Amino acid sequence: MTDTAPPLPDRDGVHGGVGLTALLVAAARAIETHRPDSLARDVHAEHFVRAAPACARWPVHPDQVPDGDADPLWGRFARYFGLRTRVLDDFVLRSVRTGGRQVVLLGAGLDTRAFRLDWPSDCVVYELDRPGVLDFKHRVLADPPAAPAVKRVPVPVDLRDDWTAALTAAGFDPAARSVWLAEGLLFYLPSHAETCLMETVDRLTAGGGALAYEAKVEEDLRAYRDSSIYTAARERIGIDLLDLFEEGPRPDSTVDLTARGWSTTVHTPFDFTRRHGRGPLPEPNDALEGNRWVFAHKTRM
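Given the structure is predicted, the values throughout are model-derived calculations rather than measurements.

## Regarding the layout of surface pockets
Taken as a whole, the second largest pocket encloses approximately 420 Å³ of empty space. If you trace the second largest pocket, you find 24 residues lining it, with Ala 215, Lys 216, Val 217, Arg 250 and Pro 251 closest to the centre. If you list the elements that add at least two residues to the lining of the second largest pocket, you get β5 (209-216), α10 (253-259) and β7 (291-298). Considering every element that reaches the lining of the second largest pocket, the biggest residue donor is β5, with four residues. Among the residues making up the lining of the second largest pocket, the classes are represented as 10 nonpolar, three polar and 11 charged.

In structure tokens, the structure reads:
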């Protein structure tokens with residue numbers, strides 16, 4: 001079964017490669033939005049999916065998924081993204097309510113938190129991603145126009161390069177408390193780029209702050225190639241996630257942050273499934289087995 005036409009070649013936008021995964025997550029958020037037991041609501045998500053020809057046949061509603069949660073792609077995997085959205089929503093809101101007024105979304109993709117969360121009036125949300133992704137997002141949200149609930153500052157950059165100057169030029173103040181989010185980002189970066197990114201975040205958090213990110217800890221990602229999630233994504237929507245993930249040894253960013261003075265906690269997604277009473281639970285040959293959600297805090301220097 002194929003749910004889409006072959007992805008278009010696109011190095012910078014959302015129609016192919018890593019950019020197409022932003023549409024996968026948007027479709028999952030759309031499905032989650034319409035669930036009676038929804039953990040997160042995003043009324044904009046389905047508009048992204050419908051605006052991209054590559055995913056014209058993808059579901060955006062649970063009624064369009066005949067097997068429900070038993071479907072490995074639009075059931076279990078989509079519930080994973082819905083759970084991740086809720087957990088990181090909660091993290092961001094807790095962080096801004098305890099003093100963080102600068103929020104930086106690293107690899108923001110089609111994130112709509114600036115539009116759908118209940119923000120303090122003096123917050124600023126910086127969205128960092130490649131120009132093509134931010135341009136697509138702008139076009140979709142402009143028709144019909146969607147109004148952000150907070151000051152929103154798109155910053156077009158490639159996170160594999162040095163992005164410090166672009167962020168500070170956009171108004172970010174390293175001396176002020178900040179909140180950072182790297183959702184579904186690090187495993188697409190080369191190891192050295194992840195190390196540089198974390199060093200930059202640490203340097204720019206001189207005023208103290210909080211960071212949440214997602215990591216994978218498997219020693220051999222290819223061992224899960226035949227898992228139901230990776231197989232369904234590859235065969236049904238043309239996304240070979242394992243080909244997009246960077247292989248080889250990964251830095252242990254949690255250890256590195258701790259050495260730099262951050263306090264860190266590490267959770268499996270299944271911890272939050274049990275907490276919220278919905279979401280994926282472990283299964284044999286599980287592509288989610290090595291996923292970790294890391295939450296870190298740093299006091300002012």
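## Describing the pattern of salt bridges
A side chain of one charge can pair with a side chain of the opposite charge when the charged atoms of the two come close. If you walk through the whole model with that rule in mind, you get 29 salt bridges. Among the ionic pairs, Arg 113 bridges to Asp 111, the shortest N-O distance being 2.3 Å. Each member of the pair, Arg 113 as well as Asp 111, is classed as buried. Among the salt bridges present, the one from Arg 113 reaches Glu 183, with a minimum N-O distance of 2.8 Å. Placement of Arg 113 in helix α4 (residues 113-116) and of Glu 183 in the loop between β4 (178-182) and α7 (191-203) is noted, with a sequence separation of 70 residues between them. Judged on exposure class, the residue Arg 113 and its partner Glu 183 are both buried. Each member of the salt-bridge network shares a partner with another, and the members are Arg 84, Asp 89, Asp 111, Arg 113, Arg 116, Glu 183 and Glu 214.

## Remarks on the packing of helix α1 (residues 18-33) against helix α3 (residues 72-97)
Running from amino to carboxyl end, α1 crosses α3 at an angle of 85 degrees, the nearest separation of the two axes being 8 Å. Between α1 and α3, the angle falls in the class roughly perpendicular. Between α1 and α3, the residues in contact are Leu 24, Val 25, Ala 27, Ala 28, Arg 29, Ile 31 and Glu 32 and Leu 73, Trp 74, Phe 77, Ala 78, Arg 79, Phe 81, Gly 82, Arg 84 and Thr 85, respectively. Taken together, the residues of the contact of α1 with α3 sort by class into 10 nonpolar, two polar and four charged.

## Focus on helix α8 (residues 228-237)
Burial within α8 is extensive, with seven of its 10 residues counted as buried. Ile 229, Tyr 230, Thr 231, Ala 232, Ala 233, Arg 236 and Ile 237 are the residues of α8 that are buried. Check the buried side of α8 and you find it contacts α1, α3, β5 and α9 (241-244).

## Some words on the packing of aromatic side chains
In total, this model carries 16 aromatic pairs according to the counting rule given. Taking the centre distance of 5.5 Å and the plane angle of 70 degrees together, the rings of Tyr 80 and Phe 81 count as edge-to-face. Phe 81 matches Tyr 80 in its accessibility class, with the two residues each being buried. Residues Phe 187 and Tyr 188 carry aromatic rings whose centres are separated by 5.2 Å and whose planes lie at 65 degrees to one another, so their mutual orientation is edge-to-face.

## Observations concerning the environment of Gly 99
Turning to its location among the elements, Gly 99 is positioned in the loop between α3 and β1 (102-106). The class for Gly 99 is partly exposed, based on a relative accessible area of 36%.

## A word on the sheet that holds strand β6 (residues 263-267)
The mixed open sheet is built from seven strands, whose spatial order is β3-β2-β1-β4-β5-β7-β6. Edge positions in the open sheet fall to β3 (151-156) and β6, since each of these has one partner strand only. On average, each strand axis in the sheet is tilted by 15 degrees relative to the strand beside it, whichever way the strands run. For β1 and β4, the ladder comprises four bridges, and the chain directions are parallel. Across the sheet, the residue bridging to Leu 105 is Leu 181, located in β4. Strands in contact with α3 are β1, β4, β5 and β7; relative to β7, the strand with the most contacts, it is inclined by about 5 degrees.

Thresholds, definitions, all that
Residues numbered from 1 in each chain as written. Predicted model: local features only at pLDDT ≥ 70, side-chain atom pairs only at ≥ 80, totals over all residues. Heavy atoms only, no water. 1 Å grid on protein atoms, 1.4 Å probe; cavity = no way out; pocket = protein on both sides within 12 Å on 5 of 7 lines; lining within 4 Å. Points joined across faces, edges and corners; volume = space filled by probe spheres on them. Helix = DSSP H or I, 4+ residues; strand = E, 2+ residues; numbered from the N terminus. Nonpolar A, V, L, I, M, F, W, Y, C, P; charged D, E, K, R; others polar. Salt bridge = Lys/Arg side-chain N within 4 Å of Asp/Glu carboxyl O. Buried < 20%, exposed > 50% of the residue type's maximum accessible area, 1.4 Å probe, protein only. Axes fitted to C-alpha atoms, helices over the stretch in contact; angles between N-to-C directions. Parallel < 35°, antiparallel > 145°, perpendicular 65-115°, else oblique. Contact = heavy atoms within 4.5 Å. Phe/Tyr/Trp six-rings, centres within 6.5 Å; stacked < 30°, edge-to-face > 60°. Pairing = 2+ DSSP bridges.

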